[in-house]
Each structure stands twice: as C-alpha cells, then as structure tokens.
Amino acid sequence: MKSIYLFILLIINSHVWNLRVVNISSDSWLVIQLVYLLAGFIFYGKMNKFRLFSEELAPWWLWVIGVLLSVFPAGYFYNQSITQSLITYRGSLLLLQIPILFKIAPTKKEIINALLLFFGFVWIVYFMQSADITIVNLDEERLERFINSGEMPMVNGFEFIAIILFYYLGEIKDSFDYKWLFFILICYIFYLLEQNRSFLFSISLIIAWTILKVNRKKFIAILTMGVLVSVFAYYTMDIWMELFEETSVQIENEDYNRNKAYRYFLFEASPNIWCYIFGNGFISAHTSNYLHNIMYSGVYNSDVGIIGYWNNFGIIPTIVFFYLLVSAAIGRHNSHFIRCWAIQLLLCSLTAGYLGAPSYILYFSLFYYLYYVDRKEQIAETELIESKEIVKT
C-alpha cells in the first residue's frame, strides 16, 4: 500500500513526466503535491507514532530556521516584504516531505518497489518522446532547439533512477546476484542515453569504487563486472570522448554560463557579510529587476547547486546539507547503499540544485529519511552481532 502511495507521489512530483496531455501550471502541481502529502500524513498517522521534535528531525528544524532567517536580509537589503517573501518561498514548502516521510514510515523495500515501478514508466516515456518529442510540454524555442540538434529533453524524474542503482550496488557488494547486476546495468544504460554529465560521471566513479570494494572471495562478481565495464567503455567511447571534450571546452571558457555563475554568486552577489551568513533571500520579480538582470546576463542560480542555495538561504542550511552528506559518506553505521548515494550528492552538489526543483527536493528528502532508517538498521544489526559474540564467550 505504501509503495503505491509513493509511486503516485513520484508521478505527481514529476508532473506526470511533463507530458503535454496533462498541461497545468507548476503552482497547481505544487498545491496537488502538498494536498497529497497532507492526505498521506493524516491516513498513515493513525498507525504510526511520530514525534516532530526528535533527534532525526533536528537537522531539518535547523534547515527550516535557516530558510526563515533569510527573509530578513531580503526585507532589509532588497525591500521585499515578509508577505512577498513567504509567497516567493512557496516551493520550500516541499521540505515538509521530510517529516511526512517519517510519519508515513515506509520501509526501504517499499521505497525501492515504488521506484522500480516508476522506472518502468520512465522507460516508456523515454521511448515515446524518442518517437515524438512533441508529447512533452516544451515552448516553441526549446522545441525548435531540440529538433535542430537531434537531442532530447531529459525525462522528468530521471534522478530517482540513481537510487535504484545505489541500492543494488549495496546488495552486490557483499553477495553477487545476476538479478542485481541486471538492474545496475539498465539504470546505467538509462543515464548513458540521457547523457546527464553530472550524474553519469558520478555514478561511473561510484560503480568503479564498488568493484574495488566487492568481497575478494566473490571472484566471479569482480570478473563479470570488470568485463561488463570494459565492454561498455569500448562501445561507448565516442559518447564519453564527446562529453569530456564538451566539458573541457566549457571549463576553459570564461564566458560559459556556469563559470560566470560561480564568480557571481561567490564574490559579487552578496553585498555584505550578513548576506553571506543569512543569505540574500529569494528575491521576487515583483520586488525588483534583480533576478531578471542576472538571468539576462546568463547567470542562473541552479547552475551552481548548493552555492546558489547558500546565496539565497544562507550558511545554516548549507552546513546542514554537508553535515548530513559527510556523516552518511564516512559514518560507521551506514550501508554501502547510503554511502554511494551520499557521495553522488557530494560530487554533484556544485552543479545540481538539489534543493530548488521539486523533483530534486523529493530526491534529497528520500535520502534524508533513508539515511536515518538505514543508520538505525545498521546499529541494530551491529548490536545483535555483538550480543551474540558476548553469549558465545
């Protein structure tokens, strides 16, 4: 039951993969998602005890406080009213997904089952838009650009597929199974077809790292994965060379939008030390021409990931973000699955806005929730092993 609830949440979050047949505004989708989350909170609340002030939610509370504090610099330095800030910050309401996930309390397996079902539909949408790109909502300019370049827009919700990949990397690390290898391969093929560089480079490094971590007694697993990686590298060499060449050219180009965005948000965007600490706030187009002017010059907040978020909401949410990821990546009581996910988030944190777009917020919310679920499971498992050893002695 919870798997179906989560599957529907993923569909709503992806705006039904942005298909043209469901053409409603992003604000309407936000309302639908919030109502659906509230319904889940009420329905599952009857069967699950929940404490809003708990150890697991302490980082979330700090995060919310940091976001709310950024309202004051927006008002003092940019003359944006508190009312206007609250309206402009409406997308941040999706951070409520984190306590709601703790209230609903799905198991790890229920989340993976929902993601696998979602992945099946993502493949269908991918092939549908490969056959006819006009099935997705695109303005005329973007549609013409995609048609002329022969490229395709990424399928909405593509990032969630990485969770499946990391889960099965965690499974295959300790016990080899061809079924798990199959899921890893189809996830990797999907990202190869999508050619999202941030995800593709990061998961490639994580797969290589996992091969090195595989139990040495599992020689067949190491050999099979090594051969498959070599075959993939050989047959996709042209794609990789093209991606590396494009990345190299962009890095060296000072006028590349992402390079301009890094310089702007690190050294120019904040007028004083207070804005570096508490953020500049999320400035509305109704307040000033600030947002229009920087976008017109080719500077986009979303291009620089967590740096852009820091510029908006300050150092407190940024510290919480890195605290969670570093704790998950190096913590003693975390599985390989969570470590892989945390490393991917860290590697992509300077290029992907995990706390901006609705799909990325849900992606991070699932990480937050599963980090604590996994940590609790690992601690319980460790204590059980230790108690058995004590009994034996």
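About the criteria used
- Residues numbered from 1 in each chain as written.
- Predicted model: local features only at pLDDT ≥ 70, side-chain atom pairs only at ≥ 80, totals over all residues.
- Heavy atoms only, no water.
- Phe/Tyr/Trp six-rings, centres within 6.5 Å; stacked < 30°, edge-to-face > 60°.
- Helix = DSSP H or I, 4+ residues; strand = E, 2+ residues; numbered from the N terminus.
- Buried < 20%, exposed > 50% of the residue type's maximum accessible area, 1.4 Å probe, protein only.
- Lys NZ or Arg CZ within 6 Å of the ring centre and 35° of its normal.
- Contact = heavy atoms within 4.5 Å.
- Core = buried A, V, L, I, M, F, W, Y, C linked by side-chain atoms within 4.5 Å.
- Axes fitted to C-alpha atoms, helices over the stretch in contact; angles between N-to-C directions.
- Parallel < 35°, antiparallel > 145°, perpendicular 65-115°, else oblique.
- Nonpolar A, V, L, I, M, F, W, Y, C, P; charged D, E, K, R; others polar.

J.: Which parts of the structure should I look at to understand the packing of aromatic side chains?
T.: For any pair of aromatic rings, the description consists of the separation of the ring centres together with the inter-plane angle of the planes. Taken as a whole and assessed by the stated rule, the structure comprises 47 aromatic pairs. Residues Trp123 and Phe127 carry aromatic rings whose centres are separated by 5.5 Å and whose planes lie at 20° to one another, so their mutual orientation is stacked. A residue pair is termed a helical-turn pair when its members lie 3 or 4 positions apart in one helix, as Trp123 and Phe127 do in helix α7 (residues 108–131) at four residues. Look at Trp123 and you get buried, because its relative accessible area is 17%. In this arrangement the basic side chain of Lys103 is found over the ring face of Phe41, its NZ or CZ atom lying 5.3 Å from the centre. We note Arg145 situated over the ring of Phe146; from NZ or CZ to the ring centre the distance is 5.5 Å.

J.: Hey, could you run me through helix α17 (residues 306–313) in this one?
T.: Owing to its 3.6 residues per turn, the α-helix brings residues three or four apart onto one side. Of all the eight residues making up α17, seven are buried; the element is thus mostly covered by neighbouring parts of the structure. Among all positions in α17, only Ile306, Ile307, Gly308, Tyr309, Asn311, Asn312 and Phe313 are buried. Its buried side turned inward, α17 meets α3 (58–69), α14 (257–267), α15 (273–278), α16 (290–296) and α18 (315–330). In the segment just after α17, Gly314 is the residue with positive phi, at about 90°.

J.: Where do I start with the nonpolar core in this structure?
T.: One recurring pattern in soluble globular proteins: nonpolar side chains tend to sit buried together. In this structure, Phe166, Trp341, Phe364 and Phe367 are the most contacted members of the largest nonpolar core, which totals 105 residues. Leave out the neighbours within four places in its chain, and Phe166 touches Ile203, Ile206, Phe337, Cys340, Trp341, Gln344 and Tyr363. Counting 13 residues, the second largest nonpolar core, distinct from the first, contains Ala74, Tyr262, Ala269 and Tyr290.

J.: Before we go on, may I ask you to explain the packing of α3 against helix α4 (residues 71–78) in this structure?
T.: Packed helices, taken two at a time, are described by their axes: the angle between them and the distance between them. At a closest axis distance of 4 Å, the pairing of α3 and α4 adopts a crossing angle of 10°. In terms of orientation, α3 lies roughly parallel with respect to α4. Where α3 abuts α4, its residues Val67, Leu68 and Leu69 lie against Val71, Phe72 and Pro73. Here the contact of α3 with α4 is built from residues that sort into six nonpolar, no polar and no charged.

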